[in-house]
Amino acid sequence: MCLPRIAFDGASRRKFLRQRSSARRLLDDLHRQVSFSKVPHRVVSLAPSITEILFAIGLGERVVGVTQFCDYPPETQAKPKVGYTHPNLEAIVALQPDLIVAPREILRADVLGKLDQLRIPTYVLDAQTVDSILGHIQTLGRILGASVAADELADRLRRRIEDITARTSSLPRPRVLYVLSSEPLITVGPGSFIHQLIELAGGSNVAARARVAYPRLSMEAVLKEDPEVLLFPSGRVEGIAGGEELRWERWATLAAVKLKRLHRVPNNVLNRPGPRIIEGLEALARIFHPEAFDERKAP
């Protein structure tokens, strides 16, 4: 697909194409060197998770452009929208950003090439583990001169993870299937941070032996693994349609159906690799092990 032709006035061309001197250089998750001549103050975020990180470390005022799916915190809804899988390059240039932060999974190579031609620093993140998400928080803090706030946030999240895993680590691990899509049946496997969240929450992912992060499964394989818990992400983006659980109830021999352990989970705290994954982790842990959160049993 051809990218739109972008027209620049003389000032814009000089702004975006001038050579930068005394630049700091950092490697992003594509192992690209990204240079910064100064601390960025005008940031375009190309993912809801990135937007949430920036607001969580107190940098919401520096965010000048977001995607149409950035809806948290509520202040993001007033920010200019620049698209998502097909970002509007003219709109981005008009915002005069000195940094774009983008997720690897949606940033097309041709778009990245055009941004490189424009000399707009573009830092690409690829979250595959919970540790990488915490690392991204701290990296963005360093890039944007907010290391103290970013390190404090990452430390708080780590402590909460440790608390949740301590509650569930000694308990039996139910077999879990996370249903990203029913037709075709797509779930999460090693290489996805959601797989790790399931394991940290005290569950056992039935797709743990898959060779890709988002494998397709046959119903034959599911019946063989016999999950005890079925999870259905809910939300306006990447969510399973309401009532999807009813379609699964026809598989009456499944342990999850017999045990009535079919649960909807909010996708915006599980599918987004940002600071709210801790809410997703706790939601999973409470589903798998409600007894671990019964404060009446606490010493």
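Not measured: the values here are computed from a predicted model.

Engineer: Can you break down the packing of aromatic side chains residue by residue, with the values?
Structural biologist: Tallied over the full model, the rule gives two aromatic pairs. Seen from their ring centres, phenylalanine 69 and tyrosine 84 are 5.2 Å apart, and the 80 degrees between their planes marks the pair as edge-to-face. In this pair, phenylalanine 69 is assigned in the loop between β4 (63–65) and α3 (89–94) and tyrosine 84 in the loop between β4 and α3, connecting sequence segments 15 residues apart. Summarising the aromatic geometry, the rings of phenylalanine 232 and tryptophan 248 are spaced 6.3 Å apart at their centres and angled 65 degrees between planes, so their arrangement reads as edge-to-face. Taken together, the positions of phenylalanine 232 in strand β11 (residues 229–234) and tryptophan 248 in helix α9 (residues 244–248) put the pair 16 residues apart, joining distant regions of the chain. Among the residues examined, phenylalanine 232 registers a relative accessible area of 0% and is labelled buried.

Engineer: Explain the packing of helix α5 (residues 130–143) against helix α7 (residues 193–200) to me, and be specific about the residues and the numbers.
Structural biologist: At a minimum axis separation of 8 Å, α5 and α7 run at an interaxial angle of 110 degrees. With respect to their mutual orientation, α5 and α7 come out roughly perpendicular. Note on element contacts: α7 touches α5 through Phe193, Gln196, Leu197 and Leu200, opposite Val130, Asp131 and Ile133. For the contact of α5 with α7, the per-class residue count stands at five nonpolar, one polar and one charged.

Engineer: Provide a residue-level description of the sheet that holds strand β7 (residues 175–178), including the pertinent values.
Structural biologist: Pairing is parallel in the open sheet, where four strands are placed in the order β10-β7-β11-β12. Whereas interior strands pair on both sides, the edge strands pair on one side only; in this sheet they are β10 (204–205) and β12 (262–266). In the packing of helix α11 (residues 277–288) onto the sheet, contacts are made with β7, β11 and β12, and the angle to β11 comes to roughly 150 degrees.

Engineer: Which residues make up the sheet that holds strand β5 (residues 99–103), and what values do they have?
Structural biologist: Reading across from one edge, β4-β3-β5-β6 is the order of the four strands in this open sheet, with parallel pairing throughout. On the outer flanks of this sheet lie β4 and β6 (122–125), each paired with one strand and no other. Each strand axis lies, on average, 35 degrees off the axis of its neighbour in the sheet, ignoring direction. Across two bridges, the pairing between strand β3 (residues 43–45) and β4 is parallel. Bridging across to β4, valine 43 finds its partner in valine 63. Sheet strands in contact with α5 are β5 and β6, and its direction is about 165 degrees off that of β6.

Engineer: Outline unusual backbone geometry, supporting the account with residue identities and numerical values.
Structural biologist: Residue proline 73 follows tyrosine 72 across a cis peptide bond; omega there is -5 degrees. Between glutamate 183 and proline 184 the backbone carries a cis peptide bond, its omega angle lying at 0 degrees. Of note, proline 184 is situated in the loop between β8 (181–182) and β9 (185–186). Residue histidine 31 is not a glycine yet carries a positive backbone phi of 65 degrees. Topologically, histidine 31 is positioned in the loop between β1 (24–27) and β2 (33–36). If you check the backbone angles, glutamine 96 has positive phi at about 50 degrees while not being a glycine. Looking at the secondary structure, you find glutamine 96 in the loop between α3 and β5. With relative accessibility at 36%, the residue glutamine 96 sits in the partly exposed group.

Engineer: Break down the pairing of β5 for me, citing the residues and quoting the values.
Structural biologist: For β5, a buried count of five out of five residues is recorded, marking the element as mostly surrounded by other parts of the structure. Every second residue of β5 is oriented toward a common face, with Leu99, Val101 and Pro103 on one face and Ile100 and Ala102 on the other, all of them buried. Pairing between β3 and β5: three bridges, direction parallel. Each residue of the ladder has a partner; that of valine 43, found in β5, is leucine 99. Here β5 pairs with β6 via four bridges, running parallel. Residue pairing in the sheet places proline 103 in a bridge with leucine 125 of β6.

Engineer: Tell me what's going on with the pattern of salt bridges, and back it up with residues and numbers.
Structural biologist: Throughout the structure, instances matching the rule amount to 16 salt bridges. Here glutamate 52 ties to arginine 276 by a salt bridge, and the two come within 2.8 Å at their closest N and O atoms. Linking glutamate 52 in helix α2 (residues 48–56) with arginine 276 in the loop between β12 and α11, this pair joins segments that are 224 residues apart in sequence. An identical accessibility class is assigned to glutamate 52 and arginine 276; each is buried.

Engineer: Before we move on, could you go through the packing of α7 against α11 and cite the residues and values that matter?
Structural biologist: Interhelical geometry of α7 versus α11 gives an angle of 45 degrees and a closest axis separation of 9 Å. Considering their axes alone, α7 and α11 lie oblique with respect to each other. Crossing geometry of α7 relative to α11 is assigned as right-handed. Where α7 approaches α11, its residues Phe193, Leu197, Ile198 and Leu200 are matched on the opposing element by Ile277, Leu281, Leu284 and Phe288. Its residues placed into classes, the contact of α7 with α11 shows eight nonpolar, no polar and no charged.

About the thresholds
Residues numbered from 1 in each chain as written. Predicted model: local features only at pLDDT ≥ 70, side-chain atom pairs only at ≥ 80, totals over all residues. Heavy atoms only, no water. Phe/Tyr/Trp six-rings, centres within 6.5 Å; stacked < 30°, edge-to-face > 60°. Helix = DSSP H or I, 4+ residues; strand = E, 2+ residues; numbered from the N terminus. Buried < 20%, exposed > 50% of the residue type's maximum accessible area, 1.4 Å probe, protein only. Axes fitted to C-alpha atoms, helices over the stretch in contact; angles between N-to-C directions. Parallel < 35°, antiparallel > 145°, perpendicular 65-115°, else oblique. Contact = heavy atoms within 4.5 Å. Nonpolar A, V, L, I, M, F, W, Y, C, P; charged D, E, K, R; others polar. Pairing = 2+ DSSP bridges. Salt bridge = Lys/Arg side-chain N within 4 Å of Asp/Glu carboxyl O. Left-handed = near helix turned anticlockwise from the far one by under 90°.

In short, the description is geometric, and any link to function would need to be established separately.
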